[in-house]
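Listed below, chain by chain, are the residues.
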Amino acid sequence: MTTALPADALKGTRIGVSVGTSADLPSLGLDEARFRTNLGELVRLLLSAGASLAYGGNLRQDGYTGLLLDQVREVAPASRPLLHCLAWYEHRSAPLSELATRREEFARHGEMVCLSVDGEPVDPAEGRGEEPVPESDPATRARALTGMRRHLAGRVDGQLLLGGKRDGFLGSLPGLLEEALLALEAGRPCYLAAAFGGVTADIARTLGAEAAPDAPRAPDTASPDPDPDLDPRLVDGLRRLRALMDEPGRAGHLPKGLTNGLTTQENRVLTGTRSPLEIASLTAVGVERLRGRV
């Protein structure tokens, strides 16, 4: 069995990694440790195939940023393949000296970009001193997250989604759902590894893709009376996604509107598999077809 992609399969390609905690893992017979193991293997495969990666996260050592950075150190320490973007409120919440140290450490393996509220690169030292300047306004934090995600959507060749929260998020929409919307609006292909559940599975089913058969059903956004227990921002976001995919020029593609270089059958395999190799391989095939290399 093949254990890696060709070394140049994704050379010159930047993949946006959209990943978040999935509340569905226990019902799927999984846990966070297994999810992180699969994610780490997937990232190693992408890096080994020559891809660079982009991620919007935070500075916590125990978050997904740390996991991505660990794989970079192991697989591609000299190529600096990781772009890490910090939303406005994230870099403002750290002491300036700590932020400078973290950016210097990160520079050995990638690029850390600090962004304005609207997603433009900024000097994080401008307009502040050493002490943190935390942002407490929820609307400003949500705007900063949208700005960061829009910035990322403009810097990737494709977006790979796994898991993701349906509630308890900080933005105006569930994070992975907003990243999918912005990527599709920017003409970027999305690759839905939906078998880990979460909002990625909701996106897959909204688009008519076959998600893993044992993943929980997506919310019924066509109903005029959605489940009152659902976060209304999730329902609104999935309705926006459905409307975007119904626009002229998109609706003829299967799954609906998902022009990612993969056939309907290949998308069904992608949304139903938990194999890092299958996910990485199908992502590579889709991106390279769109770039005319396959």
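A brief structural summary. (Residues numbered from 1 in each chain as written. Predicted model: local features only at pLDDT ≥ 70, side-chain atom pairs only at ≥ 80, totals over all residues. Heavy atoms only, no water.)

## Brief notes about the pairing of strand β5 (residues 158–163)
- Taken across its 6 residues, β5 has 6 buried, putting it largely inside the fold.
- Two elements, strand β1 (residues 14–20) and β5, share 6 bridges in a ladder whose sense is parallel. Across the sheet, V19 pairs through a bridge with L162, a residue of β5.
- Handedness of the crossover joining β5 and strand β6 (residues 190–193) through helix α6 (residues 175–185) is recorded here as right-handed. (Buried < 20%, exposed > 50% of the residue type's maximum accessible area, 1.4 Å probe, protein only. Helix = DSSP H or I, 4+ residues; strand = E, 2+ residues; numbered from the N terminus. Pairing = 2+ DSSP bridges. Right-handed = clockwise from strand over helix to strand, strands pointing away.)

## Side note on the sheet that holds strand β4 (residues 110–114)
- Strand order in the open sheet formed by 6 strands is β4-β3-β2-β1-β5-β6, and the pairing between neighbours is parallel. Pairing within the sheet leaves two strands with one partner each, and these edge strands are β4 and β6. Averaged over all pairs of adjacent strands, the angle between their axes in this sheet comes to 20°, without regard to strand direction.
- Here α6 sits on the sheet and contacts β1, β5 and β6; the angle it forms with β5, its principal contact strand, is near 160°.
- The sheet contacts of helix α10 (residues 276–290) involve β1, β5 and β6, and relative to β6 the element is tilted by about 165°. (Axes fitted to C-alpha atoms, helices over the stretch in contact; angles between N-to-C directions. Contact = heavy atoms within 4.5 Å.)

## Looking at the nonpolar core
- Counting 46 residues, the largest nonpolar core has V19, L46, L53, L160 and L162 as its most contacted members.
- Sorting elements by how many residues they give to this core places helix α1 (residues 32–48) first, with 7 residues.
- Apart from the residues within four sequence positions on either side, L160 is in contact with I15, G16, V17, S18, L42, L46, Y191, I279 and T283.
- L177, A201, A209 and L258 belong to the second-largest nonpolar core, a separate cluster that totals 23 residues. (Core = buried A, V, L, I, M, F, W, Y, C linked by side-chain atoms within 4.5 Å.)

## Regarding the packing of helix α7 (residues 198–206) against helix α8 (residues 232–245)
- Direction vectors running N to C along α7 and α8 enclose 35°, while the axes themselves pass 10 Å from each other. The element α7 and its partner α8 pack so that their crossing is right-handed. Facing α7, whose interface residues are V199, D202, I203 and T206, α8 presents L234, L238, L241 and R242. (Left-handed = near helix turned anticlockwise from the far one by under 90°.)

## Looking at helix α9 (residues 264–272)
- Those residues of α9 not exposed but buried are E266, N267, L270 and T271. Here the buried residues of α9 occupy an arc of 130° about the axis, which is enough to place them on one side.
- Here the buried face of α9 lies against β6, α7 and α10. (Arc of directions from axis to C-beta.)

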